[in-house]
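Now for the letters of each chain:
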Amino acid sequence: MNVLVSGGAGYVGSHAARMLSRAGHEVWAYDNLVFGHRGAVAPGRLIEGDLLDRGKVVATLREKQIDAVMHFAAFAYVGESVTDPAKYYRNNVVGTLSLMDAMREAGVWRIVFSSTCATYGEPRSVPIGEDQPQNPINPYGYTKLVIERALADFARAYGWGYAALRYFNAAGASADGDLGEDHDPETHLIPLVLQVAQGRREHITIFGDRLPTPDGTCIRDYIHVDDLASAHISALEKLRPGTEFRCNLGTGRGTSVKEVIEACREVTGHAIPAVVAPPREGDPPALVADAGLARRELGWTPRFTSIGPIVESAWKWHQSHPDGYGA
Ligand code: UDP
């Protein structure tokens, strides 16, 4: 297939684009490079543009005879979405609807969409199944939920086939260490802990150690970025007119903040000082996927099922790219 990967210069998008291309698809990354990195895209495969530039998107879809879109481009800082929701609704909602209009105009009906476990908000119980109510607790989660809804409506009205894949915590880097996580600012746990190991930060701050979890720190379901990528490809290849996949992407295994730090100590051999601070507002104590549906519907299984190898892959990237793609 000819596939347009919006946000193809970003963290998850770049891994998916490379895997798609290795699976024999023709791939173009469409990215405005606000957060994406030119160095994360294969030479000659980047189309620099904004999703809100509908004319450019339509022209690209037509010119490259695109069969399917993988849509990763989005702003994803939860805290910023609370202080500047307009920016999030414009980019994540209006931008995506503009992309969807462009797809209709160009006759493209397949789309795999990056959704998030943030659409569930505070879970009723853990592990979280897809049938739990979706009640986001921040604008970021709402922007993703709105698009899930729009996709369902487009599937029913226009016969689109789509997958809305609800990621848990994306982590790790490609096996060869060529692609990895490079956010500015960095807010995610694993890269921050590894920056402490590199001596680039003094310590890691643990947000809360008296939460209702076995060791008192927050539990998350860390899923390797290449496993996310392979799930997208499995979904894409199964899309038919009217197909609706709404699946969690996680391992089904929870890891606490303390366990992540310990795994980083083991992998790097560095002491990694940690300081405890109050919990971060709006951080649920535990978010773990019920990961069964993606296995059943997409025929997908994550290869990385424990935190150690995920951290190892991230460490390889951090060591070979201490300044990220800017190096
Ligand atoms: N976390 C932490 N210290 C940090 C960054 C994150 O203790 O400096 C915790 C955070 O409270 C959450 C987990 O690590 O429980 C993962 O956070 P991250 O920001 O990576 O992803 P999130 O789960 O917020 O999407």
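As a reminder, the structure under discussion sits directly above these lines.
Residues numbered from 1 in each chain as written. Predicted model: local features only at pLDDT ≥ 70, side-chain atom pairs only at ≥ 80, totals over all residues. Heavy atoms only, no water.

## Examining the sheet that holds strand β12 (residues 255-256)
Okay, step 1: A sheet is described by the order of its strands in space; here three strands give the open sequence β12-β9-β14, paired in mixed fashion. A strand with exactly one partner marks an edge of an open sheet, and here the two such strands are β12 and β14 (286-287). (Pairing = 2+ DSSP bridges. Helix = DSSP H or I, 4+ residues; strand = E, 2+ residues; numbered from the N terminus.)

## A closer look at helix α10 (residues 307-320)
Okay, step 1: Here α10 is 14 residues long and its end C-alpha atoms lie 20 Å apart, about the 20 Å a rise of 1.5 Å per residue gives.
Okay, step 2: Restricting attention to buried positions, one finds in α10 the residues Ile307, Ile310, Val311, Ser313, Ala314, Trp315, Trp317 and His318.
Okay, step 3: Lining the buried residues of α10 we find β7 (169-171), α6 (189-197), β10 (222-224), β12 and α8 (257-268). (Expected span 1.5 Å × (residues − 1). Buried < 20%, exposed > 50% of the residue type's maximum accessible area, 1.4 Å probe, protein only. Contact = heavy atoms within 4.5 Å.)

## Looking at the packing of aromatic side chains
Okay, step 1: One pass over the full model with this rule turns up six aromatic pairs.
Okay, step 2: Pairing phenylalanine 35 with phenylalanine 75 gives two aromatic rings, centres 5.6 Å apart and planes at 85°, and the pair type is edge-to-face. Of this pair, phenylalanine 35 sits in the loop between β2 (26-31) and β3 (46-48) while phenylalanine 75 sits in the loop between β4 (68-71) and α3 (78-83), and the two are 40 residues apart along the sequence.
Okay, step 3: Given a relative accessible area of 12%, phenylalanine 75 falls into the buried group.
Okay, step 4: With 4.9 Å between their ring centres and 50° between their planes, tryptophan 317 and tyrosine 325 make a pair best called tilted.
Okay, step 5: You can call tryptophan 317 buried: its relative accessible area is 1%.
Okay, step 6: We classify tyrosine 325 as buried; its relative accessible area is 16%.
Okay, step 7: Cluster of aromatic residues (ring-pair linked, three or more members): Phe35, Phe75, Tyr77 and Tyr88.
Okay, step 8: Its end group placed over the ring of phenylalanine 75, lysine 87 keeps NZ or CZ at 5.0 Å from the ring centre.
Okay, step 9: Lying across the ring of tyrosine 158, arginine 104 places its NZ or CZ 3.7 Å from the centre. (Phe/Tyr/Trp six-rings, centres within 6.5 Å; stacked < 30°, edge-to-face > 60°. Lys NZ or Arg CZ within 6 Å of the ring centre and 35° of its normal.)

## Details of the site of the ligand
Okay, step 1: Around the ligand, the surrounding shell holds 15 residues, and the nearest of these are Leu189, Thr205, Arg220, Arg280 and Asp283.
Okay, step 2: Within the backbone of threonine 187, an N or O atom sits 3.4 Å from an oxygen atom of the ligand.
Okay, step 3: Between the ligand and the protein, one listed contact pairs an oxygen atom with a side-chain N or O atom of arginine 220 at 2.9 Å.
Okay, step 4: Here the ligand loses 87% of its free accessible area of 510 Å² to cover by the protein chains.
Okay, step 5: Taken together, the elements giving at least two residues each to the shell around the ligand come down to α6 and β8 (204-207).
Okay, step 6: Among the elements that line the shell around the ligand, the one with the most residues is β8, at four residues.
Okay, step 7: A class-by-class count of the residues in the shell around the ligand yields eight nonpolar, four polar and three charged. (Near = heavy atom within 4 Å. Polar contact = N/O pair within 3.5 Å; in protein donor to acceptor, adjacent residues only side chain to side chain. Areas by Shrake-Rupley, 256 points an atom, 1.4 Å probe, with all protein chains shown as cover. Nonpolar A, V, L, I, M, F, W, Y, C, P; charged D, E, K, R; others polar.)

## Observations concerning the pattern of salt bridges
Side-chain pairs of opposite charge can arise whenever the charged atoms involved come near each other.
Okay, step 1: Taken as a whole and judged by the stated rule, the model has 16 salt bridges.
Okay, step 2: For arginine 265, the salt bridge is made with glutamate 262, and the minimal N-O distance between the two is 3.0 Å. In this pair, arginine 265 and glutamate 262 are both assigned in helix α8, three residues apart and thus about one turn of the helix distant.
Okay, step 3: A relative accessible area of 35% places glutamate 262 in the partly exposed class. (Salt bridge = Lys/Arg side-chain N within 4 Å of Asp/Glu carboxyl O.)

## Description of the sheet that holds strand β5 (residues 110-116)
Okay, step 1: Taken in spatial order, the seven strands of this open sheet run β3-β2-β1-β4-β5-β6-β11, and their pairing is parallel. The two strands at the open ends of the sheet, each matched to only one other strand, are β3 and β11 (244-249). Direction aside, neighbouring strands of the sheet carry axes that sit 20° apart on average.
Okay, step 2: As defined by bridge partners, β5 adjoins strand β6 (residues 161-167) across seven bridges and the pair is classed as parallel. Residue isoleucine 111 lies in a different strand from β6, and its bridge partner there is tyrosine 162. (Axes fitted to C-alpha atoms, helices over the stretch in contact; angles between N-to-C directions.)

## Quick look at the pairing of β4
Okay, step 1: On β4, burial covers both faces: Ala68 and Met70 on one face and Val69 and His71 on the other are all buried.
Okay, step 2: Looking at chain direction, strand β1 (residues 2-6) and β4 are connected through four bridges and run parallel. Bridge pairing links leucine 4 to valine 69 in β4.
Okay, step 3: Strand direction decides the pairing type here: β4 and β5, joined by four bridges, are parallel. Bridging from a neighbouring strand, valine 69 pairs with isoleucine 111 of β5.

## Digging into the packing of helix α2 (residues 54-63) against helix α4 (residues 85-106)
Okay, step 1: Contact pair α2 / α4: the axes reach a minimum separation of 9 Å and the direction vectors enclose 40°. When the axis of α2 is compared with that of α4, the two are oblique. The element α2 and its partner α4 pack so that their crossing is right-handed. For the pair α2 and α4, contact is made by Arg54, Val57, Val58, Leu61 and Arg62 and by Ser98, Leu99, Asp101, Ala102, Met103, Glu105 and Ala106, respectively.
Okay, step 2: When its residues are assigned to classes, the contact of α2 with α4 shows seven nonpolar, one polar and four charged. (Parallel < 35°, antiparallel > 145°, perpendicular 65-115°, else oblique. Left-handed = near helix turned anticlockwise from the far one by under 90°.)

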